[in-house]
Amino acid sequence: MKAAQTLTPEDFESDQTVRWCPGCGDYAILASIKRTLPALGRPPHEVAFISGIGCSSRFPYYMGTYGFHTIHGRAPAIATGLKATRPDLDIWIVTGDGDSLSIGGNHLLHLFRRNLDVTLLLFNNQVYGLTKGQYSPTSPTGQKVVHKSMVGSIDTPFNPLRIALAANAPMIIRSIDRDLKHMGAMIRRAAEHHGAVFFEIYQDCHVFNGGAFAEFVDKNSKMDAMLYLEHGKPMIFGRERDKAIRLDGLQPHVIDLKAGAYGADDALVHDEHDESGLLAGILATFQERKDFPRPVGVIRNIERPCYEDMMADQVNAETEKGGGQTLQELFESGDTWEVEA
Amino acid sequence: MKAAQTLTPEDFESDQTVRWCPGCGDYAILASIKRTLPALGRPPHEVAFISGIGCSSRFPYYMGTYGFHTIHGRAPAIATGLKATRPDLDIWIVTGDGDSLSIGGNHLLHLFRRNLDVTLLLFNNQVYGLTKGQYSPTSPTGQKVVHKSMVGSIDTPFNPLRIALAANAPMIIRSIDRDLKHMGAMIRRAAEHHGAVFFEIYQDCHVFNGGAFAEFVDKNSKMDAMLYLEHGKPMIFGRERDKAIRLDGLQPHVIDLKAGAYGADDALVHDEHDESGLLAGILATFQERKDFPRPVGVIRNIERPCYEDMMADQVNAETEKGGGQTLQELFESGDTWEVEA
Amino acid sequence: MAKSAVELQEAVIRFADDSGTGMQVSGDQFANTSALFGNDLSTLPDFPAEIRAPAGTLHGISSFQVRFSSKDIHTPGDQVDVLIAMNPAALKMSLHLVKPNGIILTNEPSFNSAKNLRLAGYDQNPLETSDLDKYQVITVDMIDLTNKALEEFAKLEEEKDRLSKKEIDRAKNMFALGMVFWLFNRPLEHTVKWIQTYFDRPNRRKYIEPNIAALKAGHIYAEATDLFAASYEVKPAILQPGKYRNINGNTGLAFGLLAASQKSGLPLFYSGYPITPASAILHELASYKRFGARTFQAEDEIAAMCAAVGAAYGGSLAVTASSGPGIALKQEALSLAISVELPMIVCNIQRGGPSTGLPTKTEQSDLFQAIGGRHGESPLPVLATSRPSDCFDVIYEAARIAVKYMTPVLLLSDGYLGNGTEPWPIPDLSSLPDIQPQFAADPEGFEPYSRDPATLARPWAVPGTPGLEHRIGGLEKEDGSGNVSYDSDNHEKMTLYRAEKVQRVAREIPPTKVDGDPEGDLLILGWGSSYGSIRAATDQLLAKGSSVARVHLRWLNPLPNDLGEILKRFKRILIPEMNLGQLRHYIRAKYLIDAEGFNKVQGQPIFASEIVCKAESMLDEQKRGASAINESCTNAHARRFRI
Amino acid sequence: MAKSAVELQEAVIRFADDSGTGMQVSGDQFANTSALFGNDLSTLPDFPAEIRAPAGTLHGISSFQVRFSSKDIHTPGDQVDVLIAMNPAALKMSLHLVKPNGIILTNEPSFNSAKNLRLAGYDQNPLETSDLDKYQVITVDMIDLTNKALEEFAKLEEEKDRLSKKEIDRAKNMFALGMVFWLFNRPLEHTVKWIQTYFDRPNRRKYIEPNIAALKAGHIYAEATDLFAASYEVKPAILQPGKYRNINGNTGLAFGLLAASQKSGLPLFYSGYPITPASAILHELASYKRFGARTFQAEDEIAAMCAAVGAAYGGSLAVTASSGPGIALKQEALSLAISVELPMIVCNIQRGGPSTGLPTKTEQSDLFQAIGGRHGESPLPVLATSRPSDCFDVIYEAARIAVKYMTPVLLLSDGYLGNGTEPWPIPDLSSLPDIQPQFAADPEGFEPYSRDPATLARPWAVPGTPGLEHRIGGLEKEDGSGNVSYDSDNHEKMTLYRAEKVQRVAREIPPTKVDGDPEGDLLILGWGSSYGSIRAATDQLLAKGSSVARVHLRWLNPLPNDLGEILKRFKRILIPEMNLGQLRHYIRAKYLIDAEGFNKVQGQPIFASEIVCKAESMLDEQKRGASAINESCTNAHARRFRI
Ligand SMILES: Cc1ncc(C[n+]2csc(CCOP(=O)(O)OP(=O)(O)O)c2C)c(N)n1
Ligand SMILES: Cc1ncc(C[n+]2csc(CCOP(=O)(O)OP(=O)(O)O)c2C)c(N)n1
Ligand code: SF4
Ligand code: SF4
Ligand SMILES: [Mg+2]
Ligand SMILES: [Mg+2]
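Calculation rules
Residues numbered from 1 in each chain as written. Chains lettered and ligands numbered in written order. Predicted model: local features only at pLDDT ≥ 70, side-chain atom pairs only at ≥ 80, totals over all residues. Heavy atoms only, no water. Phe/Tyr/Trp six-rings, centres within 6.5 Å; stacked < 30°, edge-to-face > 60°. Helix = DSSP H or I, 4+ residues; strand = E, 2+ residues; numbered from the N terminus. Buried < 20%, exposed > 50% of the residue type's maximum accessible area, 1.4 Å probe, protein only. Lys NZ or Arg CZ within 6 Å of the ring centre and 35° of its normal. Donors = N, O, S within 2.8 Å, 3.2 Å for Na, K, Ca; no water. Pairing = 2+ DSSP bridges. Axes fitted to C-alpha atoms, helices over the stretch in contact; angles between N-to-C directions. Contact = heavy atoms within 4.5 Å. Least-squares fit on C-alpha atoms with pLDDT ≥ 70 in both. Salt bridge = Lys/Arg side-chain N within 4 Å of Asp/Glu carboxyl O. Disulfide = S-S within 2.5 Å. Buried area = accessible area lost by both parts, 1.4 Å probe. Polar contact = N/O pair within 3.5 Å; in protein donor to acceptor, adjacent residues only side chain to side chain. Nonpolar A, V, L, I, M, F, W, Y, C, P; charged D, E, K, R; others polar.

Describe the packing of aromatic side chains, listing the residues and the values that go with them.
Evaluated as defined, the whole model comprises 72 aromatic pairs over all chains. Ring centres of F59(B) and F123(B) lie 5.8 Å apart, and the angle between their planes is 90 degrees; on these two criteria the pair is classed as edge-to-face. Taken together, the residues F59(B) in the loop between strand 1 (47-51) and strand 2 (66-69) and F123(B) in strand 4 (residues 119-124) connect sequence positions 64 residues apart. By the burial criterion, F59(B) is buried, and F123(B) matches it. With centroids separated by 6.3 Å and ring planes inclined at 55 degrees, the aromatic side chains of Y288(C) and F291(C) adopt a geometry described as tilted. Grouping residues by exposure puts Y288(C) and F291(C) together as buried. Three or more aromatic residues joined by ring pairs form one cluster here, namely W20(A), Y27(A), F49(A), F59(A), Y62(A), W92(A) and F123(A). Over the face of the ring belonging to F37(C) we find R186(C), whose NZ or CZ atom lies 4.2 Å from the ring centre. Here K600(D) stacks its cationic end above the ring of F607(D), 3.9 Å away from the centre of that ring.

Help me get a handle on unusual backbone geometry, residues and values and all.
In this structure, P277(D) follows T276(D) across a cis peptide bond, with omega equal to 0 degrees. Locating P277(D) in the fold gives a position in the loop between strand 10 (268-272) and helix 11 (279-286). In this model, G353(D) is joined to P354(D) through a cis peptide bond whose omega is 0 degrees. Its place among the elements puts P354(D) in the loop between strand 13 (344-350) and helix 14 (367-372). For R241(A), which is not glycine, the phi torsion reads 45 degrees and is therefore positive. Looking at the element boundaries, R241(A) is found in the loop between strand 8 (236-237) and strand 9 (243-248). In this structure, Q126(B) is a non-glycine residue whose phi angle is positive, near 55 degrees. Looking at where Q126(B) falls in the secondary structure, it is placed in the loop between strand 4 and helix 5 (160-166). Residue classification places Q126(B) among the buried residues on the basis of a relative accessible area of 15%.

Give a detailed account of the coordination of the magnesium ion (ligand 5), specifying residues and quantitative values.
Residue and element names in this part refer to chain A. Around the magnesium ion (ligand 5), the protein contributes the donor atoms D97 (OD), N125 (OD1) and V127 (O), which lie 2.0 to 2.2 Å from the metal centre. Coordination of the magnesium ion (ligand 5) draws on donor residues from a single chain, spaced D-x27-N-x1-V in sequence. In this pair, D97 is assigned in helix 3 (residues 97-103) and V127 in the loop between strand 4 (118-124) and helix 5 (160-166), connecting sequence segments 30 residues apart. There is no split in this pair, since D97 and V127 are both buried.

A description of the sheet that holds strand 5 (residues 171-176) of chain B should follow, citing residues and the corresponding values.
Taken together, nine strands build an open sheet; the order of strands is 7(B)-11(B)-5(B)-6(B)-4(B)-3(B)-1(B)-2(B)-17(D) and the sheet is mixed. Among the strands making up the open sheet, the edge pair consists of strand 7 (226-228) of chain B together with strand 17 (471-473) of chain D. The mean inter-strand angle of the sheet, taken between neighbouring strand axes irrespective of direction, is 20 degrees. Note: strand 7 of chain B against strand 11 (residues 294-301) of chain B, three bridges, orientation parallel. Bridge pairing links Y228(B) to V296(B) in strand 11 of chain B. Against the sheet, helix 13 (residues 324-340) of chain D makes contact with strand 2 of chain B together with strand 17 of chain D, and its axis sits at roughly 140 degrees relative to strand 17 of chain D, the strand it touches most.

Outline the sheet that holds strand 18 (residues 515-516) of chain C, supporting the account with residue identities and numerical values.
All names here are of chain C. The strand order 18-20-19-22-23 describes an open sheet built from five strands, whose pairing is mixed. On the outer flanks of this sheet lie strand 18 and strand 23 (596-599), each paired with one strand and no other. Of the pairings in the sheet, the one linking strand 22 (residues 570-577) to strand 23 comprises four bridges and is parallel in character. Note on strand 23: the bridge partner recorded for I575 is G597. In this fold helix 20 (residues 582-591) packs onto strand 19 (520-527), strand 20 (548-553), strand 22 and strand 23, with an angle of close to 145 degrees to the strand it touches most, strand 22.

Residues and numbers for the coordination of the magnesium ion (ligand 6), please.
All names here are of chain B. Of the protein atoms, only D97 (OD), N125 (OD1) and V127 (O) coordinate the magnesium ion (ligand 6), at distances of 2.0 to 2.1 Å. Counting along the primary sequence, the residues that act as donors to the magnesium ion (ligand 6) give the motif D-x27-N-x1-V. In this structure V127 comes out as buried when scored by relative accessible area, which is 2%.

Quick rundown of helix 10 (residues 278-285) of chain B? Include the residues and the values.
Most of helix 10 of chain B is tucked away, with eight of its eight residues classed as buried. Looking at helix 10 of chain B, one finds that the buried residues are L278(B), L279(B), A280(B), G281(B), I282(B), L283(B), A284(B) and T285(B). For helix 10 of chain B, the elements touching its buried residues are strand 10 (251-256) and helix 10 (278-285) of chain A together with helix 5, strand 9 (243-248), strand 10 (251-256) and strand 11 of chain B.

Quick rundown of the relation of the copies chain C and chain D? Include the residues and the values.
Mapping chain C onto chain D calls for a screw motion: a turn of 180 degrees about the axis and a shift of 0.0 Å along it, with 0.1 Å RMSD after fitting. Expressed as a symmetry operation, the mapping of one chain copy onto the other fits a two-fold axis. Of all interface residues in chain C, 100% are interface residues in chain D too; the two copies therefore contact each other through one and the same surface.

A description of the pattern of salt bridges should follow, citing residues and the corresponding values.
Pairing is possible between side chains that carry opposite charge, provided their charged atoms lie close to one another. If you walk through the whole model with that rule in mind, you get 94 salt bridges over all chains. The partner of R178(B) in a salt bridge is D204(B), with the nearest N and O atoms 3.8 Å apart. Pair noted here: R178(B) is in the loop between strand 5 and helix 6 (180-192) and D204(B) is in the loop between strand 6 (197-202) and helix 7 (206-209), with a separation of 26 residues, a long-range link. Using a relative accessible area of 12% as the deciding quantity, one classes D204(B) as buried. Put simply, K165(C) and D169(C) hold a salt bridge, and the shortest N to O gap is 3.0 Å. Separated by four residues within a single helix, K165(C) and D169(C) lie in helix 6 (residues 165-169), roughly one turn from each other. You can call D169(C) buried: its relative accessible area is 18%. Look at the salt bridges and you will find they share partners, linking R113(A), R114(A), D155(B) and E299(C) into a network.

Kindly report on the state of the cysteines, identifying the contributing residues and their values.
Tallied over the full model, the rule gives zero disulfides over all chains. Among the cysteines around C391(C), which has no disulfide bond, C347(C) carries the closest sulfur, lying 9.3 Å off.

Hey, could you go over the interface of chain C and chain D for me, with residue numbers and the actual values?
The interface of chain C with chain D comprises 72 residues on the first partner and 72 residues on the second. Both faces considered, chain C and chain D share a buried interface measuring about 6100 Å² in area, 64% of it formed by carbon and sulfur atoms. Between the two partners, chain C and chain D, sit zero salt bridges. Where chain C packs against chain D, one counts 31 residue pairs in polar contact (both at pLDDT 80 or more). Per-element accounting of the side of chain C that touches chain D gives the leading share, twelve residues, to helix 17 (residues 488-504) of chain C. Residues that form the side of chain C that touches chain D fall into these classes: 24 nonpolar, 29 polar and 19 charged.

Encoded structure:
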């Protein structure tokens, strides 16, 4: 066991060969996490990755930490039992859009409602990868099962940010597989936060849904298509930083900074700490609006008491209150009687 | 079978004796629904009530319509199968706060995401009634299991409106058991809407959580504690209609209309039809804010295509495209060969 | 005027009234008083699935039966000596249980209410017809008498202390209890103490005096009047020496877990989702946080099961409980627990099925689900409690096996055991067997799927241990390394390991106890809560000189190694079960023996008398080779429903 | 120069390469061509659980085995005549299957890659060692030859039509197929047609010509060179007259449902949640909306099951399918379906368990789960498919029984049947048995829980029917009225009704077919996908003059009424299963017969040879009374893992 400061990415690597398709976005995510963890100061044996089922959920096998590849959709519930009893561990949940928003939607909501200090990495590739290409709850309406002469999906997709907000997730982050630098920075932010982190990662399923996020990757479109959020900074974007978000009443609008009508100070300023969640709520609507950039970065960041801490407090408080009654005494309390020999 | 116009509440009554505790809020809800249905024009045999498990879920037994008391948390999924195959039926889901937000949370989300034309009545009594008083996902933190020397809950409650919005529920309504007139009006609104309706009803569990909604019932406090929403009307409330909601930036504030600083036209105006859901989002935050009134009425009301309609359209379109290929022809299509006798 | 008491060996009393009127309390008080007095006893609470059905309806009746004796007993009794029927519905629901010439104590005014009579389905007041001629019916206007006795409290100065008529009426259960205490020469002290503590809460204290007054009034009234032909006395039973308390099965389970946690040094984690009749375990444990118990009310049973898996992975003594419908939901995650071979306990407090079934009634019909109810070859040890007082031992053993063999263990109890009470000889913690978890710590040659040669247990290597970082999951694992493996030979090997590991648990089972003749005509084999009836039945049969014996199984999977040999020593095997023959099925499959069943699926315990009747007809058949008797009674219930 | 073809009765070819390189296509094309040519055949696709494991690794190998014959056959064969091993890993994974002196066709360059050799675990190039001496190894540089053949396409003017080297390399599977076609004198036309239609899509058309060119090049190359000692011919099989097509089990299920829907007039509703190996059924049906099929991709298996319940309640032919883990999740809602007695079909396409297990491997280990895996007494009919070509009939029968008896029916299939193909005699829809739903319509005396005296079915009264408004649910219901009832006698009555209803389904089972000696030394009893191996094994044993017979069960619950009598006619019973003896368990429990098992849990079909071996050792034992032979082979696999 090495001292934290001397840790290297290799210390977080397992001996298993990685088994994703060539070109899968999961490789990039794995790389940035292995690269970032050493700096976070927790040695591998204090770290546990818990996943469900899916391509994304194979993730723990490739980490040199403790890892548990559980069952479909249940990772948040299993992680809850682990964190509630082992607050000392650094716990990461890895899940997919089907795993967490289809079969696992309810556990996800309750994990964030209770607020355990874990980070949930949602690899959103807008498809069921492992089962070969069915549409998922984040797939756009009309998406077809690949290689099938099927008519498209008639399901309206979820907006993951709205789900996280509904569960009052104290920290909400979004990044994208290909942007290793941003990913790394965001992973650090997530690790620093005490409380449940909802971390959506746009991930390219090269084989069954390739290019779903092309506009956010393509050098030419990317700066116009994405809004990099920074706390306290105006929401300005565009290749020439010539566009911004302005609030008109409740509704956000994209303004053109070149046109002259508006200046930078008309731009809405980002506030991670908005308790009400209303600002995050506005950012969530961007993906439903035409010609709006996709916000990435720390969307929300507030503090809420953690479930495992409150649980520990209760146990400790009760133990003191208990006034040192022994278990034997408990059994023998209440109405008892002796039968003489 | 009677003509719709001659229907009476008795036509919607079953022969079963009602089995709720004396003083239970469920009685009032049952009464207003029986009273309202005749006017909606659907004869009892075209109406089906689907429920899960809980005191609330006993509801269907007391209606003279078709009724299915299913299993815990699954009513939305069962209703989905029924509505998808029988769009002709008028379907109501009856559920409790535990049934729909604890075990059934995921089905609820997916029902509204898909948007089937059903009305979900959520009897929210902030407790598990049938199992004798455990806290539910809507119970305030600290609530204790009745008659138990237990320390209180450490769970942060859900805000049901946030959940409904996360699933993009096209219509969201709130009312309260004791206000029969308002309930009746709201049931009519729900029935008129084509699409999934999320209808939260504050219901008093007299035995295990009595008085949870006292401030909204008590004649003295009620007008100050509730905000009756009306589309296009300013958000004014208070016994003397002397208070209002004003938006300052993103955040709502309660203003005093008597003080003179503000007038009625400073009040935020309600818009049921806000597609973005942002206004509804603001109303949702009221219950988390000190000294804010609780909004009741139609909180949101937009149109979205219904799942069962799109499904029917696909089947019809495909049937036409199918160009009248018979099933026998399908079996015999592709690579076939004859073996001669 | 006082009468000298008639001595009885035992008596069965049944209290019945609308739910919410305190009948459970009266029954409970009588039981505890008798326990303290030294009787052996057995109780049977019975309440409706509705929280509180409307007053006076048949569905609304809540009853509490207590049997107390100077000999040791094992069932709440098939027949009732004294029925306290506070309204017509209560009478209607329980009358069939009352012995000929038994005492029926009724509260007059409620029988004068036409509504009550109608709700109970009487067209005439049964107290005025000849229907009850063969019983000793005692009719008392308890409302009026209670009100008289509590007059003063209705007149108190202080508005806040003054009692309304309604409040006074509610004390009638204490008046009735007072009468019954007199009838059986029981002291009032214990109940007086209980009243004083129970109502010692804000807004409740004003009820202390009135309730005591009502209790005493009832006692005095019975004493003063000549209502009862006699008063009775049931002498203390000669139980094993030691310290006792009354306990119900669910409390026994909770206590057993606290003990296992303390003895093993493993922190206790209990996750559950409320469901009848298992919820009480969650409530109990939640109130024992001071012993380090972490309790988690999950969003559903799947989450409860998964949280237990997570806690077990982290090194806790993980436990979850539910009843049939909830266990169904746990199976997928339980299969994961079997695959990753982590120790935990899953309790099923059985109730009537299928589906929601009869939530407040008891049944033994989840044995198939317990042993075979998962996909794939996913074996696990299964054991069952058989009486309220053994729940402690059984769950303690479950914990010991789970930890020693690194496997989830499934424990079967039922609603009757969970709610029923019995005197419990309080164990000495220090005398309980050790539970020694073996946590892996040495990275040297560590393999997550290496096995203990004796138990085949894999190491328990919890996160946080330096150098033991490893990955596990639900995919098939390579023997030793635990790496994912799709190799066919390895899969078979691991499948056989998982099966063999569970079989080896049989080594832990002590020699099977055969009560009665070591060999002979008939062996009565049972499991679970039919214990009491089977025991009582065998005792009666032996007393009559029949060649019978009984074996009661704690372990259902694996079965005891010596069972096959025992079964062969008897001409016939009878297996009474509250299901359609689930244990019978396993016995037949394993031993190829034509075991017969007595199967009752009525949401109620089997009666000893029913077993005796069935057994005697079988014994007769053997003698006479005739199955004449058979029709007469044993299949009575089956015949009723020939379909 | 051309050789005259050697005639064979049958041959087994196995194509193997990295997944995603088109080997499944090559195999499939060879199978279809042979089917069209008139051979009987049986195929076995085998692919990794990962979508696409890295090239060259053992885990990444995807293989496709096809056996074709001039006699009728029932298994894809235990041993391989010709192995096409495109890289070292492919060779490593399949070599043990190749017959002595069998042909091994390899792609040279991939064997020259040190990385490939390392990934496959070879320290030397096996083509250069003596390891393969006992085979006919043919090594061809298919990359080079394919590139030569497709030169022109690399040089095309139009950038968009031009092919990269990488694109050209990918055509090597067609080159290999061309060689194999020559080896067995098969025409290319069918595959050429397929290429033309398959690539007839935007951005794909440019691949049509190159692939055809590669196919032909391979054929010509084999013709021109003297590589193969001979070419072979397998004459058409004499199948029953009629029209045939190749079908896999999952398509058979989909077609059977469409047929049942059309014949019954019930709209088809299929709800599913994707899971290997069941997903294909959802895909199939989703593409048949034009026949009125409504398909619903639910949020999970619970919702899929519940949606089916809702659709059945509304009057549809409701169906859901999954595999083990998903079925586990469906059980609670399935128990509701049993309680409310609505018709529907639940399919379990079994895979290796427990937990996630071996998703792409086959197993028969969910029988316990199917019959007994629910809480309470919750019986339902269970039947199983046994070959790709009978899936149609079995699910059609399931639909007929579900509707006639008003009960959910559980159908067991498995991954091997779901993906494997067989010639299917296309049925004439008009000749299928009728399915006649009886919808209640008359309010006069209507009771939701009245019963048909013959079938005990309750009326199907769907919402929307005037005058039949009623309430149902999961609580116990009163016989007749269906009102909630906590009455104990009624509960027992309803429990017996539910059990008896399922038993009566046995009346629908035709007399059991016994193939072989009507009575004798050994009966081989089977169910599910071991059909082919058992049939082949019995045929071999009969040919050798042993006194054996076989019975293959379609119905597992209830069992056929005549089965007990049949079993008694044989000295010993052998039950081969891909589990640890689940059918054996039921046979023993019901008939008290000491049935023996041959149990293989390797995620692979049982081989006929293994059954023959086991059977002969049993027959020997009978003669010699010795169990000498026994050790030799039958328990080979068990012995390997004695633990
Ligand atoms: C209970 C259960 N149901 C279904 C499956 C099949 N299954 C495995 S992964 C998966 C979905 C994968 O999609 P996603 O969660 O988005 O992960 P991805 O593969 O896209 O990374 C499904 C349906 C399963 N393994 N278990
Ligand atoms: C699978 C399953 N789990 C648990 C239960 C027990 N149960 C019945 S109702 C209920 C919750 C009731 O609370 P709510 O939904 O709020 O309804 P209410 O009684 O308050 O109206 C629970 C936990 C059950 N019946 N089935
Ligand atoms: S299927 Fe998609 S998500 Fe899965 S490994 Fe391949 S590319 Fe990645
Ligand atoms: S327990 Fe509460 S919710 Fe249930 S019936 Fe009684 S009062 Fe109503
Ligand atoms: Mg995905
Ligand atoms: Mg509630």
